[in-house]
Amino acid sequence: MFPTDLFRDRKIVVGVTGGIAAYKVCEFIRYLVTRGSQLRVMMTRSATEFITPLTLETLSGHPVYRELFPQDTFSATQHVNLADWAETIAVVPATANILGKFAGGIADDFVSSTLLAAHCPILFAPAMNHHMWENPFVQQNLERIRQAGHEICPPEYGFLAEGYEGMGRLARLEYLIQSLYRTMHPARDSLQGKTVLITAGPTREPLDPVRYFSNFSSGKMGLALAWEAFARGARVILIHGPIQLTPPFGMECVAVETARQMHQAVLDHYQDADWVISAAAVADFRPKRTAEEKIKKSGTPMQLELEANPDILATVAKERRAGQLIIGFAVETHDGEKNARRKLQEKSLDAIVLNNPLEKGAGFAVDTNRVTLLHRNGTRVELDIMYKLDVARKIFDFVLEQSP
Ligand code: CTP
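Residues numbered from 1 in each chain as written. Predicted model: local features only at pLDDT ≥ 70, side-chain atom pairs only at ≥ 80, totals over all residues. Heavy atoms only, no water.

Draft legend 1. Fine view of the overall build of the protein. Within the protein, the secondary structure is distributed over 14 helices and 21 strands. Oriented by its inertia axes, the alpha-carbon framework of the protein measures out at about 80 × 50 × 40 Å. Looking at the protein residue by residue over its 404 residues, the buried ones come to 53%. Long-range contacts, defined as pairs at least 24 residues apart, comprise 67% of the intrachain contacts of the protein with a sequence gap of at least 6. Accessible surface, the protein: about 18,900 Å² in total, of which carbon and sulfur atoms supply 50%. (Helix = DSSP H or I, 4+ residues; strand = E, 2+ residues; numbered from the N terminus. Buried < 20%, exposed > 50% of the residue type's maximum accessible area, 1.4 Å probe, protein only. Contact = heavy atoms within 4.5 Å. Areas by Shrake-Rupley, 256 points an atom, 1.4 Å probe, with all protein chains shown as cover.)

The structure is reproduced here in structure tokens:
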């Protein structure tokens, strides 16, 4: 899960409609509370059959909106006031009913009236029985909603409350946040029509059937870049080594193990790419021989012969086609800027992202990073320590600004 400061102080309305997945909205609300968002919650009457308003009032710290004509207020325009207040509305879960009402312009309760009065991007996260999901009217409604510029976080295939497997489970929390990040992105769709290829994570170089060489890369920076490119509307190809993270949805993910497999996967895909971003921590060397059976101790010191792996980024940069942007990373523990500038030049890159894994709050496996951005035109930007997803946003802003 990626923390980000994009949601801090932003005014977000969460709409909860009546499906069994309603209980899962608690985690979504909690995530946003921890990110410092200003939250208000509204519920349909059916939603209150599944989860109590008190739960969501406690989590959000505010009364939950439910009635168009509440007894305890003289105002009949609360739905319009809330719609005016919202920077984004997220409907989690969204029933077939609310999708139908919104697509059909119907406002007959607090939630549907607020949605109709809204003038901000809305995220719908549908969850329903798979026959309902496949119903052509539901699909037509979704299409209308998409066409109007709103966002859909598609449901997942899996075990349904009905007791069997099918399409229709509410998307997992990571996917909801990935979608909300896109919905609220200040440059949403700024890469519409572009293809971005990203490499991420470590590679593993086998020594025998039970051992390998690798490094401490978690893949977090690369996956954050993939979220970022997705939020900007790009087609994303994510080629990643072995990682413990959930690969994002809505993109082509290619899982590899070794540097040579990553090299091949990049060669198979990079021609299509307008951007190539090499965030993977590729092992520079591999054992010259991979034993077919487990290597046994012999009691004497062991000598290992290593041979060089291909430099994936250098290959791509050498064979680049006109207009392709190539961005690399430089992981340096000393003489950072000198080494990064050398790599920028030697590998013919457009930009390089320098970081030092030994610095506090930077490097592998943590949620934050502290980087310096260098462009081939000489521009240099030093960023403060920030979440990796926020670093990813700055990297795209920087390259778009410097390589128009
Ligand atoms: N890279 C790559 N293939 C390799 C090695 C590195 O594509 N075999 C890419 C990395 O993804 C990164 C950039 O090249 O974008 C620089 O990687 P880094 O590890 O910092 O430097 P190296 O080029 O490997 O040089 P050195 O290890 O000597 O610092």
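Draft legend 2. Structural detail: the pattern of salt bridges. Per the counting criterion, the structure on display carries 29 salt bridges. In this structure, the salt-bridge partner of Lys 101 is Asp 108, at a minimum N-O distance of 2.7 Å. Residue classification places Asp 108 among the partly exposed residues on the basis of a relative accessible area of 48%. Here Arg 182 ties to Glu 151 by a salt bridge, and the two come within 3.0 Å at their closest N and O atoms. Of the two residues, Arg 182 sits in helix 9 (residues 173–184) while Glu 151 sits in strand 5 (residues 151–152), which places them 31 residues apart along the sequence. Linked through salt bridges whose partners overlap, the residues forming this network are Glu 337, Arg 341, Glu 359, Arg 370, Arg 380 and Glu 382. (Salt bridge = Lys/Arg side-chain N within 4 Å of Asp/Glu carboxyl O.)

Draft legend 3. Quick look at the environment of Gly 166. Looking at where Gly 166 falls in the secondary structure, it is placed in strand 7 (residues 165–169). Since its relative accessible area comes to 1%, Gly 166 is described here as buried. Those residues within four positions of Gly 166 in sequence are excluded, and the remaining contacts are His 130, Glu 156, Tyr 157, Gly 158 and Leu 160.

Draft legend 4. How the structure looks around helix 3 (residues 53–60). All buried positions along helix 3 are accounted for by Pro 53, Leu 56 and Ser 60. The buried residues of helix 3 occupy an angular sector of 70° when projected down its axis, which confines them to one face. Projecting away from the buried face of helix 3 at angles above 90 degrees are the exposed residues Leu 54 and Thr 58. The inward-facing, buried residues of helix 3 abut strand 1 (11–16), helix 1 (25–34), strand 2 (38–43) and helix 2 (47–50). Phi turns positive one or two residues past the end of helix 3, at Gly 61, with a value near 80°. (Arc of directions from axis to C-beta.)

Draft legend 5. Inspection of helix 6 (residues 110–117) at higher detail. For helix 6, a buried count of six out of eight residues is recorded, marking the element as mostly surrounded by other parts of the structure. Residues Phe 110, Val 111, Ser 112, Ser 113, Thr 114 and Leu 115 constitute the buried set of helix 6. Along its buried surface, helix 6 packs onto strand 2, helix 4 (78–85), strand 3 (88–94), helix 5 (96–104) and strand 4 (122–126).

Draft legend 6. Quick look at a nonpolar patch on the surface. Together, Phe 213, Phe 285, Met 302, Leu 304 and Leu 306 line one region of the surface with nonpolar side chains, adding up to about 480 Å² of accessible area. Mapped onto the secondary structure, Phe 285 falls in strand 14 (residues 285–287). Given a relative accessible area of 48%, Phe 285 falls into the partly exposed group. (Patch = residues over 30% accessible without salt bridge, like charges linked within 9 Å, V, L, I, M, F, W, Y side chains within 5 Å.)

Draft legend 7. Region of interest: the domain arrangement of the protein. Domain parsing of the protein yields domain 1 (11–184) and domain 2 (195–287 + 307–402). Placing a centre on the C-alpha atoms of domain 1 and another on those of domain 2 gives a separation of 36 Å. Facing the 11 residues of domain 1 at the interface are 14 residues of domain 2. The junction of domain 1 with domain 2 conceals about 1,100 Å² of combined surface from both sides, 63% of it contributed by carbon and sulfur atoms. Its largest share of buried area at the contact with domain 2, domain 1 owes to Gln 178, Tyr 181 and Arg 182, together 62% of the area lost on that side. (Domains from an automatic or database assignment. Buried area = accessible area lost by both parts, 1.4 Å probe.)

Draft legend 8. Highlighting the pairing of strand 6 (residues 156–159). Of the strand pairs in this sheet, strand 6 and strand 7 are connected by four bridges, and their pairing is antiparallel. Its bridge partner lying in strand 7, Gly 158 is registered against Gly 166. (Pairing = 2+ DSSP bridges.)

Draft legend 9. A look at the site of the ligand. The ligand sits among 14 residues. The nearest are Ser 278, Ala 280, Phe 329, Lys 343 and Lys 347. A distance of 2.7 Å is found between an oxygen atom of the ligand and a side-chain nitrogen or oxygen belonging to Ser 278. Measuring from an oxygen atom of the ligand, one finds a side-chain N or O atom of Asp 284 at 3.0 Å. Across the complex, the protein chains shield 78% of the 570 Å² of accessible surface that the ligand would expose by itself. The cavity where the ligand resides is the largest pocket. At the level of elements, helix 12 (312–318) and strand 16 (325–331) are the ones that each hand at least two residues to the shell around the ligand. (Near = heavy atom within 4 Å. Polar contact = N/O pair within 3.5 Å; in protein donor to acceptor, adjacent residues only side chain to side chain. 1 Å grid on protein atoms, 1.4 Å probe; cavity = no way out; pocket = protein on both sides within 12 Å on 5 of 7 lines; lining within 4 Å. Sits in = over half its atoms within 2 Å of the grid points.)

Draft legend 10. Fine view of the packing of aromatic side chains. Under the defined criterion, the tally for this structure stands at nine aromatic pairs. Between Tyr 65 and Phe 110, the ring centres sit 5.3 Å apart and the planes meet at 15°, which makes this aromatic pair stacked. Here the residue Tyr 65 occupies a position in the loop between helix 3 and helix 4, and Phe 110 occupies one in helix 6, the gap between them amounting to 45 residues. Residue class for Tyr 65 comes out partly exposed when judged on its relative accessible area of 23%. (Phe/Tyr/Trp six-rings, centres within 6.5 Å; stacked < 30°, edge-to-face > 60°.)

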